[in-house]
Amino acid sequence: TLSGKGPGNLADVVRHGSDHYTYSIDSVYRIKPSAPGSGRPAGLERLDLPVNNLWAMSPHRDGPIIGGQAGLQQLVAGRLQPIHVFRDAVMAFSPAPGDPDEFLVGLVGGLSLLRKEAGVWRDLGVVAGITAEVRSILADGPDTVWLGTTTRGFIRLRRASPAQSW
């Protein structure tokens, strides 16, 4: 257990059940709360997981999902389960507005869609016309998503209705 920040910069904090997690580029940590009155400070427990080049983490009802060079993986019962490997590294991802089982996945060279159906993750393909490196994704209502890119600024993505794909 670390009694402070681990190696590298720590990113997002994600909660699953009563556990909280954070990550750096090469590690995933469980946040250990302090024990009031005991003198034990809060700290980080590095999880022994085979990860490298992590860029994003998001909560999901089945366990936190991490994204990076190895695509998307899900932390379930202390182990990583592969979800999908993409043609490029995953830089960002987010559940689609109103649908926790559809993910918008920002890649080094575009945006891909992924959906969990009957317990299986399925690649829905890339969103046409998006070729920039997508570093952030923000839902803005049920039919609008903003993409933050490294070279093209911000891109507003709209769909005509929730029944349509992006």
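Right above here is the structure, for reference.
Caption draft 1: Region of the structure containing the side chain of Ser112. You can see Ser112 is positioned in strand β11 (residues 110-117). A relative accessible area of 2% means that Ser112 is categorised as buried. Among the polar contacts made by the side chain of Ser112, one reaches the main-chain carbonyl oxygen of Gly125 at a distance of 3.2 Å. Filtering out sequence-adjacent residues up to four positions away, Ser112 remains in contact with Phe86, Phe103, Leu104, Val105, Leu107, Asp123, Gly125 and Val126.

Caption draft 2: A look at the side chain of Lys116. One can find Lys116 in strand β11. By relative accessible area, Lys116 is classed as buried at 16%. Discounting residues that sit within four places of it in the chain, Lys116 has contacts with His60, Asp62, Asp101 and Trp121.

Caption draft 3: Just the pattern of salt bridges, in detail. Overall, the coordinates contain 12 salt bridges when judged by the stated rule. Note that Lys116 and Asp62 form a salt bridge whose closest N and O atoms lie 2.5 Å from each other. Residue Lys116 is found in strand β11, and its partner Asp62 is found in the loop between β5 (54-58) and β6 (65-68); the two are separated by 54 residues along the sequence. Salt bridges sharing partners connect three or more residues here, namely Asp99, Glu102, Arg115, Glu117 and Arg122.

Caption draft 4: Molecular detail of the nonpolar core. Among the nonpolar cores identified, the biggest contains 24 residues, and Val28, Leu72, Phe93, Val105 and Leu114 are the most heavily contacted of them. Secondary-structure elements contributing two or more residues to this core are β2 (19-24), β5, β6, β7 (71-76), β8 (79-84), β9 (90-96) and β10 (99-107). Discounting chain neighbours no more than four positions away, the residues touching Leu114 are Leu72, Ile83, His84, Phe86, Asp101, Glu102, Phe103, Val105, Trp121, Arg122, Asp123 and Leu124. Listed in part, the 14 residues of the second largest apolar core include Ala92, Val134, Ile155 and Leu157.

Caption draft 5: Layout of the sheet that holds strand β15 (residues 154-158). Strand order in the open sheet formed by 3 strands is β13-β14-β15, and the pairing between neighbours is antiparallel. Every interior strand has two partners, whereas the edge strands, β13 (134-139) and β15, have only one. Averaged over neighbouring strand pairs, the angle between their axes works out to 25° when direction is ignored. Both strand β14 (residues 144-149) and β15 contribute to a ladder of 5 bridges, which runs antiparallel. For Trp146, the partnering residue across the bridge sits in β15 and is Arg156.

Basis of the calculations
Going along each chain's sequence as written, the residues are numbered from 1 onward. With pLDDT at 70 or above as the cut-off, local features in this predicted model cover only qualifying residues; side-chain atom pairs require 80 or more to be listed or tallied, and sums for whole chains, interfaces and linings still use all residues. Hydrogen atoms and water are omitted, and side-chain values are computed over all heavy atoms in the structure. Working definition: helices are DSSP H or I runs of at least four residues, strands are E runs of at least two. Numbering for both runs from the N terminus. Note on classification: 1.4 Å probe, protein chains only; a residue is buried when its accessible area is under 20% of the maximum for its type, exposed when over 50%, partly exposed between these limits. Nitrogen and oxygen atoms within 3.5 Å of one another constitute a polar contact, given that in protein one can donate a hydrogen and the other can accept it, and given that sequence-neighbouring residues count only through two side-chain atoms. In this analysis, two residues are considered to be in contact whenever any of their non-hydrogen atoms come within 4.5 Å of each other. Salt bridge, as applied in this entry: a Lys or Arg side-chain nitrogen positioned within 4 Å of an Asp or Glu carboxyl oxygen. The set of buried Ala, Val, Leu, Ile, Met, Phe, Trp, Tyr and Cys residues whose side-chain atoms join them within 4.5 Å is what this entry labels a nonpolar core. When DSSP locates at least two bridges between a pair of strands, those strands are taken to pair. Every axis in this analysis is a line fitted to C-alpha atoms, fitted for helices over the stretch in contact. Angles between the N-to-C directions lie between 0 and 180 degrees.

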